[in-house]
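Here is what each chain is made of, one letter per residue.
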Amino acid sequence: MRRLLRFAARLTALAAALAAVLPAAGDFFLRQSLPQTTGEIHLAGLAAPVQVMRDRYGIPHIFAASLEDASLALGYVHAQDRLWQMEMSRRIAAGRVAELLGAGALEADRFLRTLGVRRAAEANLRGFDAETRKLLESYAAGVNAFLASGPVLPLEFWLTGARPEPWTPADSVAWTKMMAWDLGGNFRNELLRMSLARTLPLARIHQILPPYPGEQPPVIADLKELYGALERDAVQLARFAPDNEGLGSNNWVVSGARSASGKPLLANDPHLGLTAPPVWYFAHLSVPGANVIGSTLPGVPGVILGRNDRIAWGFTNTGPDVQDLYIEKLDAAGGYLAPEGPRPFQVIDETIRVKGAEPEQLRVRVSRHGPVISDVLRTAQDAAPRGYVIAFAWTALAEDDRSMQAALKFARARDWDGFLAAARDLQSPQQNIVYADVEGNIGFVAAGRVPVRKPANDLKGMAPAPGWLAKYDWDGYIPFEQLPQSFNPASGAVVTANHRITPPGYAHFISSDWQPPYRAGRIQELLDAAPRHTAQSFARIQADVVSPAMREVLPRLLATRPRSEDARKALALLAKWDGAMAPDRSEPLIAWAWWRELTRAIYADELGGAFRQNWLARAPFLSAVLSGNEDHAHWCDDLRTPAVETCEEVLALSLEAALADLARRYGGDQAHWRWGEAHAARHEHRPFGRQPLLAGFFDIRVPSPGDAYTVNVGRNNLNDEAQPFANRHAASLRAIYDLSDLEKSLYIHSGGQSGNILSDHYEAFTEAWARNEYIPMRTERKTLDAEPHQLLRLVPAR
């Protein structure tokens, strides 16, 4: 009912506004911008007729005579339902957003032009096999067939004045690289280490950027000595890096020995930033020899995550260190110094068109390591060390990246060997892939391209390296056979949740930025709590909202001496709380507001100007500071005051600050505060989610549980002063695959199938997603025929 009321209000308000935006459009526009889902459409490029059956959820089931025709039809239905999202996706990847939004988008465009995502995508196309190129071309033909039909465009095109250009295969490849970008970003920590080296010894840097729990900090070069007198204000570049704390996903698989059915069960919930429309689009492709259903990316052919009639698979982010920063020393001739002597930069001239302004010319310099990203920001350029620039190395920029090829092959694998063959082509981003098949096998492989660092490399990718020294260069990549992998493990289970997945004594360095094992440990605990599992028990695990990190810190919070009656009441509530981040409780909100103020009080003084960009929850660090460990107690002292503050004082004062902040936001009655309302999952529209007058129409919001460390993840951004508790990063989809009967598999994503705000499929899944409900993942034609559906026939053009 809530969704219907929101839809009615949105429709009424937009109908009133359209007269000013689109004179005389009225009801005709509102109806004609929605897709045709019945009847017959003639399409150029089809070899044979295709049937597109949309079920009650708006999910297209595509029945075609060939994979090429199915790809063409998928491109067509993606364009029908998600055209604006596709337009924004390709413009972001190509650095062409300023053409639509003006000078406000220039900084990001400059960065992405410099990074060269689109250039890398075009280079990759030349290395794909003929089949992959054909599927990409067929998909683009489907998108372009829709554009050629002269459709009434979605409202965003009218509001921005944009008109879509023909789709190209490079558009698809570029967007997969942006997905890899969102799952990376470890160079943020490299920049932070470089910045902190000015004022902190290495031991303290290792405290705020700690090693994996239970391990010792790696032995690396003394950063202060390495950088000497260099100015290091390039930390400003971190604004472009995804914040990777809590970044990742959950997946797990159990063998038949641990399931009630005697066959494997597999679960997956990738965690991504919440957007409206969501990242994923469900689709089913059925062709002779292949029948696959699952999650697709609008703009990209094929099913990325899902199952066919034989296997199921799921991804989590491995979190490898595949990005390194290099400090390049300039020479007098305008080049830079390499180990063998001076070299010229490769120079690429770019023209950025800007809405309402003259085009901007951008000169991109590329060193042997990668693009010079310190040229992007005028402020960073002015403040950069005289005679030096910063270059960026990233595996996804390699000309021979075949990750798109792997994505199109997974769905056609029939067994473990075929799946591994496809995984060999996955290079970026590295993913922890769990696998199960109908024969009862389970498996795991951390597929991806990970650079090998030389034994003499005393930075191990943890801080910007001198680019003129050969010892810091990459020395090839970890061979596929040596990547972490297992098949039918004796334990009968595999769990990955972005924690360390390498066994003791593993020969290669993959990352120093593994996520702490809070989620992984909780999943394992819940798996071990039952001898045999079902899809229903897996669903309960995906819904779990107990926060192990909060449980770890809570005893230290409860030891605080209250300084006010409000603080006493808050502590009394927390004393009865079990650490479950339930949406109908006030305790999670009190605890997270307190956590927020604690982190500000503990490390804002040490980080200085770098604080806001690096204001993260940092649970292992906070736990260590509050543990009473003398090595960490100095973090509680505020360097900006002459007094020496203790952790006891900081705890008490931070609680007072948190309660005052909550009272300003939600009123003074603690009993009426609700985590779910403050922690509403906000799906932000691009670009209108940042326009107050339009965000109410285009954004999707729903109360939600969880926190950054629960299995049912819901991460908030502490540095967002307006909405510091809003859920911005959560399970983008949830899926459970039952290998005893794959037709009993379940899935859901966080929004709806349509990207058109006038469609009743715009946010059709959102409330069910927030309640951890699912819809069936069905492919059998007789079942689909018997249920409500709409049938569209696509036939070859005459």
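Residues numbered from 1 in each chain as written. Predicted model: local features only at pLDDT ≥ 70, side-chain atom pairs only at ≥ 80, totals over all residues. Heavy atoms only, no water.

Draft legend 1. Main features of the packing of helix α6 (residues 117-125) against helix α9 (residues 169-182). Following both chains from N to C, one finds α6 and α9 inclined at 120°, their axes separated by 8 Å at the closest point. In terms of their interaxial angle, α6 and α9 are classed as oblique. Relative to α9, α6 is oriented so that their crossing is right-handed. Here V117, R118, A120, A121, E122, N124 and L125 of α6 come into contact with α9, specifically with P169, A170, D171, V173, A174, K177 and M178. Looking at the contact of α6 with α9, its residues break down into nine nonpolar, one polar and four charged. (Axes fitted to C-alpha atoms, helices over the stretch in contact; angles between N-to-C directions. Helix = DSSP H or I, 4+ residues; strand = E, 2+ residues; numbered from the N terminus. Parallel < 35°, antiparallel > 145°, perpendicular 65-115°, else oblique. Left-handed = near helix turned anticlockwise from the far one by under 90°. Contact = heavy atoms within 4.5 Å. Nonpolar A, V, L, I, M, F, W, Y, C, P; charged D, E, K, R; others polar.)

Draft legend 2. Focus on the environment of E648. Here E648 is to be found in helix α23 (residues 647-666). Between the alpha carbons of E648 and R119 there is a distance of 54 Å; along the sequence they are 529 residues apart.

Draft legend 3. Focus on the packing of helix α19 (residues 565-575) against α23. α23 packs onto α19 with a crossing angle of 95° between their chain directions and a minimal axis gap of 10 Å. The angle between α19 and α23 places the two elements in the roughly perpendicular class. On the side of α19, the interface is formed by D566, A567, A570 and L571, while α23 contributes L655, E656 and L659. When grouped by side-chain class, the residues that make up the contact of α19 with α23 number five nonpolar, no polar and two charged.

Draft legend 4. Structural detail: the sheet that holds strand β10 (residues 311-317). Taken together, the 11 strands give an open sheet; going across it, the order is β1-β31-β2-β3-β7-β8-β9-β10-β17-β18-β22, and neighbouring strands pair in mixed fashion. Each end of this open sheet is capped by a strand with a single partner; those strands are β1 (39-43) and β22 (485-487). Put simply, the sheet's adjacent strands are angled 20° from each other on average, direction ignored. Across two bridges, the pairing between strand β9 (residues 305-307) and β10 is antiparallel. Each residue of the ladder has a partner; that of R307, found in β10, is A312. Along the sheet face, helix α3 (residues 67-94) touches β1, β2 (50-55), β3 (60-63), β7 (281-287), β8 (290-296) and β31 (789-796) and points at about 155° away from the line of β7. In the packing of helix α15 (residues 416-423) onto the sheet, contacts are made with β10, β17 (431-437), β18 (442-447) and β22, and the angle to β18 comes to roughly 10°. (Pairing = 2+ DSSP bridges.)

Draft legend 5. Expanded view of the pairing of β10. Burial runs high along β10: seven of the seven residues are buried. In β10, alternate side chains face the same way, and those of I311, W313, F315 and N317 on one face and A312, G314 and T316 on the other are all buried. Taking the residues between adjacent antiparallel strands as the criterion, β9 and β10 are bridged by three residues. Sheet topology places β10 next to β17; seven bridges connect them, and they run antiparallel. Across the sheet, residue F315 finds its bridge partner in β17, namely I433. (Buried < 20%, exposed > 50% of the residue type's maximum accessible area, 1.4 Å probe, protein only.)

Draft legend 6. Fine view of the sheet that holds strand β16 (residues 388-394). Taken in spatial order, the three strands make up an open sheet running β16-β11-β20, and their pairing is mixed. Looking along the sheet, the strands with just one partner apiece sit at the ends: β16 and β20 (465-466). Direction of pairing for strand β11 (residues 323-329) relative to β16: antiparallel, over a ladder of seven bridges. If you follow E328 over to β16, its bridge partner there is V389.

Draft legend 7. Representation of the state of the cysteines within the structure. With the rule as written, the count across this model stands at one disulfide. Across the disulfide, C636 is cross-linked to C647 (sulfur-sulfur distance 2.0 Å). Between C636 and C647 the sulfur-sulfur dihedral comes to about 95°; the bridge is accordingly right-handed. A residue pair is termed long-range when its members are at least 10 positions apart, and C636 in the loop between α22 (630-633) and α23 and C647 in helix α23 qualify at 11 residues. (Disulfide = S-S within 2.5 Å.)

Draft legend 8. Looking closely at unusual backbone geometry. Omega for the bond connecting A276 with P277 falls within 30 degrees of zero, at -5°, which places this linkage in the cis form. The residue P277 is located in the loop between β6 (275-276) and β7 in this model. The omega torsion across S428 and P429 is 0°, close enough to zero to call that bond cis. One non-glycine residue, K460, lies in positive phi territory at about 55°. In this model, N772 sits at a positive phi of 60°, which is unusual for a non-glycine residue. In this fold, N772 is placed in the loop between α26 (766-770) and β30 (775-776).

Draft legend 9. Region of interest: the pattern of salt bridges. Under the definition given, this model contains 57 salt bridges. The shortest N-O distance in the salt bridge between D400 and R449 comes to 2.8 Å. Placement of D400 in the loop between β16 and α14 (403-410) and of R449 in the loop between β18 and β19 (451-453) is noted, with a sequence separation of 49 residues between them. For D400, a relative accessible area of 40% puts it in the partly exposed group. Among the residues examined, R449 registers a relative accessible area of 12% and is labelled buried. In this structure, a network of salt bridges that share partners links the residues E87, R90, R91, R96, E99, R118, E122, E165, D171 and R353. (Salt bridge = Lys/Arg side-chain N within 4 Å of Asp/Glu carboxyl O.)

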